[in-house]
There are 2 protein chains.
Amino acid sequence: MLSDPFKSHFLFLILSLSLCVSQTLALNSVPEPDASALTYLWPLPSEFTSGNRTLSVDPDLSLAVGGIGGNSAIVRAAFDRYRAIIFKHTSGISIFSRFTGRSSVYDICKLKIIVNSNNEELQLGVDESYTLFVSKNDEKSIIGEATIEANTVYGALRGLETFSQLCSFDYGTKSVQVYKAPWYIRDKPRFAFRGLLLDTSRHYFPIDVIKQIIESMSYAKLNVFHWHIIDEESFPLEVPAYPKLWKGSYTKWERYTVEDAYEIVNFAKVRGINVMAEIDIPGHAESWGTGYPDLWPSTSCREPLDVTKNFTFDVISGILTDMRKIFPFELFHLGGDEVNTDCWSSTPHVKQWLQDRNMTAKDAYKYFVLKAQEIAISKNWTPVNWEETFNTFAENLNPRTVVHNWLGAGVCPKAVAKGFKCIFSNQGFWYLDHLDVPWNEVYTAEPLEGINDTSKQELVLGGEVCMWGETADTSDVQQTIWPRAAAAAERMWSRRDAISTGNITLTALPRLQYFRCLLNRRGVQAAPVTNKYARRPPIGAGSCYEQ
Amino acid sequence: MLSDPFKSHFLFLILSLSLCVSQTLALNSVPEPDASALTYLWPLPSEFTSGNRTLSVDPDLSLAVGGIGGNSAIVRAAFDRYRAIIFKHTSGISIFSRFTGRSSVYDICKLKIIVNSNNEELQLGVDESYTLFVSKNDEKSIIGEATIEANTVYGALRGLETFSQLCSFDYGTKSVQVYKAPWYIRDKPRFAFRGLLLDTSRHYFPIDVIKQIIESMSYAKLNVFHWHIIDEESFPLEVPAYPKLWKGSYTKWERYTVEDAYEIVNFAKVRGINVMAEIDIPGHAESWGTGYPDLWPSTSCREPLDVTKNFTFDVISGILTDMRKIFPFELFHLGGDEVNTDCWSSTPHVKQWLQDRNMTAKDAYKYFVLKAQEIAISKNWTPVNWEETFNTFAENLNPRTVVHNWLGAGVCPKAVAKGFKCIFSNQGFWYLDHLDVPWNEVYTAEPLEGINDTSKQELVLGGEVCMWGETADTSDVQQTIWPRAAAAAERMWSRRDAISTGNITLTALPRLQYFRCLLNRRGVQAAPVTNKYARRPPIGAGSCYEQ
């Protein structure tokens, strides 16, 4: 006689079989895909092989986990999210067919996710690699197989996204199919830092909208949400140490509490996305003085922050202390761009302070940035600064500084030559508010351009597309971000040789159009790909796949 | 000794008390609202009084139901949806404060919903009235009260929307507050039919996007989703009786299964929204012939549908039979607009058919429309037709016909004068694809214009804003719909005298801007209100409440 545990295991197997194969009426007449068809995956995986079979996926697809990290809440929640995406059209059908007797043998009844580490810390360079195998594993067995194996839960998330993109709803058979099986995919990102900047100062974005954006980032395998929280126009974030700061918000309703920020960080984390917060100093900070006017050089000359006062640095330190509790990511952005020092030169007490120290305004800019860097480093942060800091006083920057390029070409080559790490955001290509940059120019912009030495290439962390907020609010932000952010996402994820050769109008454009329609199907307002200007409406009636 | 049921009831009361009042540290310093402030409700309720108190709402707000219809799955699901909306910012705080000991006495711990009927049929004219009472009900009691009473679950849904609009998150106290309490609201719609048309033929909208639109309609208390499913460009819907019809879809992925359609109808129903389906015949139907070319007069002249063949009417009957199973709403839209009969006059076999019957092409148009009406009526549908049918042969239309105005002013007055029911959609004001119509012109368009006789006014069912799809797809549809659809929604819901007097720049604009920001907070991409052209980006940085 069988022991009890064995019996229940056996019973479980029987139940699994009966759920997956409730009747033996097979869906035989599935269309075979065009063998020459493109691989409609975005971004393109680093290595893959495919076959010529079509497999059906059970709408009651179950999850099996393995490895010491497999039994993770992050994995289970992600499986549930992706199941909702994959089986969007079959939920009704599944129930339906049970009653009508229309039923099927499915090739894939179970997705196995193996995670080889239970360390769920999400930091720069976390292992996002995965393998994904999808096949009818044994002709004699009726249970098929799909397996994701990864070293971390974050690799498993990337694998789940790819798996979801392999699954298509077939309107003929009303079932989810995987074409061109068996698939063997071994994938990993080219760059560790693949970011999107959102500016919540020029316009306030409600937390639901920020979540929508972060969720959509995960579809393109982007992994850093650069939260440009504050700027001269408004200060929406609560800072407990200096509770009057968010008096600089536009209205009392356009604010983020500490709890909102926590929630955003956690929402991003479980999607494998780090949040890099920014306070842009000493320029772009006029809104700070609404609550604390002492931060202004004077009430009539309000930017940059007053460099002369200890209070200024006390406030910065207080903000960084409070933010350190919210943002676990090792990078923190200190801004430093577009600093117009006229107010320093013209305000009597600041002018006097400069004279007393025999400093020029430019010296004071350097003094300010370096002092802020010290504060950030003292709180165990790696500082990121916009490129003007590097362009102006590279030799003084803390060597840990990550230089964030934006003004134009050639900055990362210079920065890495001096041993600095670099993030590429050349505004001519990767500023999403530049509406006249078409998808192909976004796609071909290359973070490693001009850097040939492999050891120097490694200092380029990656890149970031920037969604500045002057003309972007809740009404138009997603169609300004997408589909062009996806073009940059493939540039940053996929192998350079695989995406830099051939005619991209043939190799990339149809896949990008397909991905844009995928975003639409998932409820994301991605704009037509081939419009002359970004985020414009479609020019007339037509299929998503051709616009 | 108490009997067991009584004991458990008593225990429940104790638990309720302890949950709601975990400590006695009150949040006393809540700001009092400006007594002269507007009532930020949209659409404006028909009767209401407010006070000058501020009440706090327990983030663990519980639901109590009453009446024979109160224990409804529709009510419970709606309560859960609205709780997520109302307590968006407090979920983290609620858990937080339990650990930090920061806790509060709340004025409102329970929402009572009383529904006096258990009939959940949703038909034209269903009772949507409700009363909503929010007060700290007794100074000596620590449990406050909010009560919605309605005759149907659909009235309860409208009351829940209003309740959610009374609740504001206060960033100072980090709690949800109701200002200007006590509130006594007695509300009901002015018109039974308050529609939004969506055209899924010129562009396909994924079901997730259709659900987003329907969800947002419920925020403005719109109650009819007019699904213009098919047009000349594409035929996305599955019709089991004629399975080749959806070969007329743009691609094999831009389709709706029968199950998708069921799901949309159900999703709308539980939000109190009927789905009025349309097949626009005999014009606007070229896409039908992709699957069945016999429906075209000839392969070179494809519209209107071939009037001569029984097959044409067999297909219409088949479609209506299949659709009757999906769409329970009593109204069905048969189109009938913009019929260019040139193909009938020029195609030899049609020309011959007309001659044999001594009919003009115009006669054939009438013949077609009336025959389709008969088919619809035989399937227990009330036919709706665009106004050209009325303008051309009013005397022959079935007296049950609902005339759908669109071309311009004056049609509803003529239609109701002849005893027809009417829906107002004057394209000069309520066609949302007319981007140059500002919010105030949408707002002041009046369905009863030119109709003074009360008995005739009753024949105007209401109105509808129309979102034609030539330049609207997933990327831009919500910002084309909102906020202007909300302007029409208040016109159709609120008392005419209350919204037609005074300076609307003072009485309506600030409320509409507030409602637009409310939509944004709920994740809906409503565009700035005061842009010269609809759906344009904000012109620069600034607060949502001023754009």
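Each remark here, short or long, concerns the structure printed above.
Residues numbered from 1 in each chain as written. Chains lettered and ligands numbered in written order. Predicted model: local features only at pLDDT ≥ 70, side-chain atom pairs only at ≥ 80, totals over all residues. Heavy atoms only, no water.

Before going further, it helps to spend a moment on the relation of the copies chain B and chain A. In the superposition of chain B on chain A (RMSD 0.0 Å, axial shift 0.0 Å), the rotation amounts to 180 degrees. As the rotation angle and translation indicate, the two copies are arranged about a two-fold axis. Considering only C-alpha atoms, the residue of chain B closest to the rotation axis is Asp 476 of chain B, which sits at 3.9 Å. When the interface residues of chain B are mapped onto chain A, 100% of them are again interface residues, pointing to one common binding face. (Least-squares fit on C-alpha atoms with pLDDT ≥ 70 in both. Contact = heavy atoms within 4.5 Å.)

Looking now at the sheet that holds strand S3 (residues 108-115) of chain A. Residues and elements named next belong to chain A. Across the sheet, 8 strands lie side by side as S1-S8-S4-S5-S3-S2-S7-S6; this open sheet has mixed pairing. On the outer flanks of this sheet lie strand S1 (47-49) and strand S6 (167-170), each paired with one strand and no other. This sheet shows a mean twist of 30 degrees between the axes of neighbouring strands, independent of strand direction. Examined bridge by bridge, strand S2 (residues 53-66) and S3 share 6 bridges and lie parallel to one another. (Pairing = 2+ DSSP bridges. Helix = DSSP H or I, 4+ residues; strand = E, 2+ residues; numbered from the N terminus. Axes fitted to C-alpha atoms, helices over the stretch in contact; angles between N-to-C directions.)

Looking now at the packing of aromatic side chains. Applying the stated rule across the entire model yields 60 aromatic pairs over all chains. Taking 5.8 Å as the distance between ring centres and 80 degrees as the angle between the ring planes, the aromatic pair formed by Trp 246 of chain A and Tyr 171 of chain B counts as edge-to-face. A residue pair is termed interchain when its members come from two chains, as with Trp 246 of chain A in the loop between strand S10 (224-228) and helix H6 (258-269) and Tyr 171 of chain B in the loop between strand S6 (167-170) and strand S7 (175-181). Look at Trp 246 of chain A and you get buried, because its relative accessible area is 8%. Look at Tyr 171 of chain B and you get buried, because its relative accessible area is 5%. Arranged with centres 5.5 Å apart and planes meeting at 90 degrees, the rings of Tyr 514 of chain A and Trp 253 of chain B form a pair that is edge-to-face. Of this pair, Tyr 514 of chain A sits in helix H20 (residues 509-521) while Trp 253 of chain B sits in the loop between strand S10 (224-228) and helix H6 (258-269), placing the two residues on different chains. Judged by its relative accessible area of 10%, Tyr 514 of chain A falls in the buried class. (Phe/Tyr/Trp six-rings, centres within 6.5 Å; stacked < 30°, edge-to-face > 60°. Buried < 20%, exposed > 50% of the residue type's maximum accessible area, 1.4 Å probe, protein only.)

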